Amino acid sequence: MADTTTYLELSEEGAGAHKFYEVRVAGTEVTIAYGRIGEKGQVRTASYADAAKASAAAAKKIGEKVRKGYAPAVRGARGARPVTRRPAATVTRSTARQAPVLWRFASGAPAFGIFVGEDRAWVGNEAGDVYTLTHDGQVTGRFGLPDGVKCIVADDFWIYAGCDDGRVYDLGGKVPHVAYEIAGDVDIYWLDIHDGVLGVSDRQGGITTVDHEDEFQWSRRSAGRDAWMVRCSEEGVFHGHGRGVTHYDARSGEPVWHTATEGQVLFGWQEPGEVFAGTSRGLVHRLAKDDGAETARYRCDAAVFSCATSPDGRYVFAGDNSSSVYCFAADGTRLWKLGTGFGSAYSMQYRDERLYIVTTDGSLACIDASEAAVRAAEGGQLPQRTDIKAAHAAHLERVVPGAALDTVVEAEVLAGDGGVVVECVQEGGRLRVRAVSPGFDPARRVQFPKDVRVAGARYVVAEVLPSAGGGFYRARGEIRRLL
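Residues numbered from 1 in each chain as written. Predicted model: local features only at pLDDT ≥ 70, side-chain atom pairs only at ≥ 80, totals over all residues. Heavy atoms only, no water.

Turning our eyes to something else, we now look at the overall build of the protein. For the protein, the count of helices and strands is three helices and 40 strands. On C-alpha atoms alone, the protein measures out to a radius of gyration of 24 Å, which is about the 23 Å that the 2.2 N^0.38 rule sets for 483 residues. Evaluated residue by residue, the protein yields a buried proportion of 54% over its 483 residues. A sequence separation of at least 24 residues applies to 50% of the contacts in the protein between residues at least 6 apart. Surface accessibility of the protein: about 20,400 Å² in total, with carbon and sulfur atoms responsible for 49%. (Helix = DSSP H or I, 4+ residues; strand = E, 2+ residues; numbered from the N terminus. Rg over C-alpha atoms; globule rule 2.2 N^0.38 Å. Buried < 20%, exposed > 50% of the residue type's maximum accessible area, 1.4 Å probe, protein only. Contact = heavy atoms within 4.5 Å. Areas by Shrake-Rupley, 256 points an atom, 1.4 Å probe, with all protein chains shown as cover.)

On to helix 1 (residues 51–67). Its 17 residues give helix 1 an end-to-end C-alpha distance of 24 Å, which sits within 8% of 24 Å, the value for a rise of 1.5 Å per residue. Residues of helix 1 that are buried: Ala54, Ala57, Ala58, Ile62, Gly63 and Lys65. On its buried face, helix 1 is in contact with strand 1 (4–11), strand 2 (18–26) and strand 3 (29–36). At the N-terminal boundary of helix 1, the capping side chain belongs to Asp50, with an oxygen 3.2 Å from the backbone nitrogen of Ala52. In the stretch just after helix 1, Gly69 is the one whose phi turns positive, near 110 degrees. (Expected span 1.5 Å × (residues − 1). Polar contact = N/O pair within 3.5 Å; in protein donor to acceptor, adjacent residues only side chain to side chain.)

It is worth spelling out the sheet that holds strand 3 at this point. Spatial strand order, 4-3-2-1-5: five strands in an open sheet with antiparallel pairing. Two strands in the sheet have a free side with no partner beyond their single neighbour: strand 4 (42–47) and strand 5 (71–72). Across the sheet, helix 1 lies against strand 1, strand 2 and strand 3, angled at about 165 degrees from strand 2, the strand it touches most. (Pairing = 2+ DSSP bridges. Axes fitted to C-alpha atoms, helices over the stretch in contact; angles between N-to-C directions.)

Here we come to the side chain of Ser363. Position of Ser363 among the secondary structure elements: in strand 33 (residues 363–368). Residues within four places of Ser363 in sequence aside, it is in contact with Arg104, Phe105, Ala106, Phe342, Ile357 and Val358.

With that out of the way, let us pick up the packing of aromatic side chains. Under the criterion given, the structure shown has 20 aromatic pairs. Judged by centre distance (6.1 Å) and plane angle (65 degrees), the ring pair of Tyr160 and Tyr180 falls under edge-to-face. Linking Tyr160 in strand 12 (residues 158–163) with Tyr180 in strand 14 (residues 177–181), this pair joins segments that are 20 residues apart in sequence. Note on Tyr160: relative accessible area 1%, which makes it buried. Since its relative accessible area comes to 0%, Tyr180 is described here as buried. Measuring from centroid to centroid gives 5.5 Å for Tyr298 and Phe328, while their planes differ by 50 degrees, and the two rings are tilted. Of this pair, Tyr298 sits in strand 26 (residues 294–299) while Phe328 sits in strand 29 (residues 324–329), and the two are 30 residues apart along the sequence. Each member of the pair, Tyr298 together with Phe328, is buried. Linked through ring pairs, Tyr315, Phe317, Trp336 and Tyr350 together constitute an aromatic cluster. The ring of Phe20 has Arg75 lying over it, and the distance from NZ or CZ to the ring centre is 4.9 Å. (Phe/Tyr/Trp six-rings, centres within 6.5 Å; stacked < 30°, edge-to-face > 60°. Lys NZ or Arg CZ within 6 Å of the ring centre and 35° of its normal.)

This part is about helix 2 (residues 371–378). By the burial criterion, the buried members of helix 2 are Ala373, Val374 and Ala377. End-on, the buried residues of helix 2 take up no more than an arc of 95 degrees, which puts them together on one face. Residues of helix 2 that are exposed and point more than 90 degrees away from the buried face comprise Glu371 and Ala372. Among the structural elements, strand 30 (334–339) and strand 33 are those in contact with the buried residues of helix 2. Gly380 occupies a position one or two residues after helix 2 and carries a positive phi of about 95 degrees. (Arc of directions from axis to C-beta.)

Across the six residues that make up strand 27 (residues 304–309), a large majority, six, are buried. Relative to strand 28 (residues 315–320), strand 27 runs antiparallel, the two being bridged by five bridges. Each bridged residue has a counterpart across the sheet, and for Cys307 the counterpart in strand 28 is Ala318. Once strand 27 ends, the chain turns through five residues before running back antiparallel as strand 28, passing Gly313 with a positive phi of about 75 degrees.

This brings us to the sheet that holds strand 11 (residues 149–155). The strand order across the open sheet built from four strands is 11-12-13-14, with neighbouring strands paired in antiparallel fashion. Looking along the sheet, the strands with just one partner apiece sit at the ends: strand 11 and strand 14. When the angles between neighbouring strand axes are averaged without regard to direction, this sheet yields 30 degrees. Bridge count for strand 12 against strand 13 (residues 167–170) is three bridges, and the pairing is antiparallel. Opposite Ala161, over in strand 13, you have Tyr169 as the bridge partner.

See below:
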């Protein structure tokens, strides 16, 4: 029987689906490729007992897609849709006095992603570069992801980068690995994660949650479009969009409350009992998590691109689309407004009296937000700023995702090489991973990179730790294939 290839596309107007599905039959093997039109997409291959069964399986897959609206097409005739970016920012320089910037790192492209931990700051930009820096601005590492970085989020010890290619990468080891794959037709705007459950907000105003094994949980469509906010917590999922903020139950996806905002939500932040939504009308709304009641609002002079708070909620910070940053008291009193000097803050985070921002020109900057430094800046006295360019990090290896793993023999592990042994098994049509070393519950599944799973293979993982909720384990650190 001759080999066959069937190529289908589903392309809807506006912000609808724009994806392909290709089925290739070669003897007893069926290879399926799928994803966004214009991209390589994901590839899966399955083997069957004979050519007839392979052809039957392929025909079934094709029939399912045709019934969903896919139609035959010519690969390359349609181009990829442009990835949606945050609304175009003005390059107008702030009229406020310059903020007391301690250091600035020029990453080389507009940057959305930021996370500041105990010992490192992370920045990810539209070129797919992710850099790690010390709190005093020294560049310590560099990852190269396949597409632009939308955001960087942390879940306990784990760090993830959500990208424009529809994947979420685990950055906890030496090499990035795919932790989650979002549907190819979802134009991701923002991501957040809590105890292994990923929340994804999108261009069409949708919200989707995916569990720790990258399996769909639920999806909802809000009344508004352009959902730039999602925050996940024990209390639920908080979704900000064109019509306000909606709270959904984390497990069922049922709506709990909805609060309208003045303007479209462009950014969101959360603290244990409250969520904060920055809007296109220059406001930050402070909402109680339990009932959505507004407890305070903070007025800026232009659209709010980002916001953050001090951990105690005493201070609220905001960045507008005219290169200014603000600080407010909890009750809404504006304490100060200062200029960044190098673009508008797409995202921000406050830590230890410092405000870290990433900007439209690709800078990661550290602002001294202490009262003394701000008062000095308002009087025209600024600290000596250190400028670090991406070229200074050129000597660092740009570590890219890869499915190839270092290997180790079992004797070396038994001799004290260290690590936990996990096994990949086929279960219900999916590849699952379980810990097999003594002391671990073999019934609990392990969150493990998707791009290196091979049925029947065993791996050595640096650490396997229980999730915060205790329902599964999470692999952390270097992964090696056990021979």
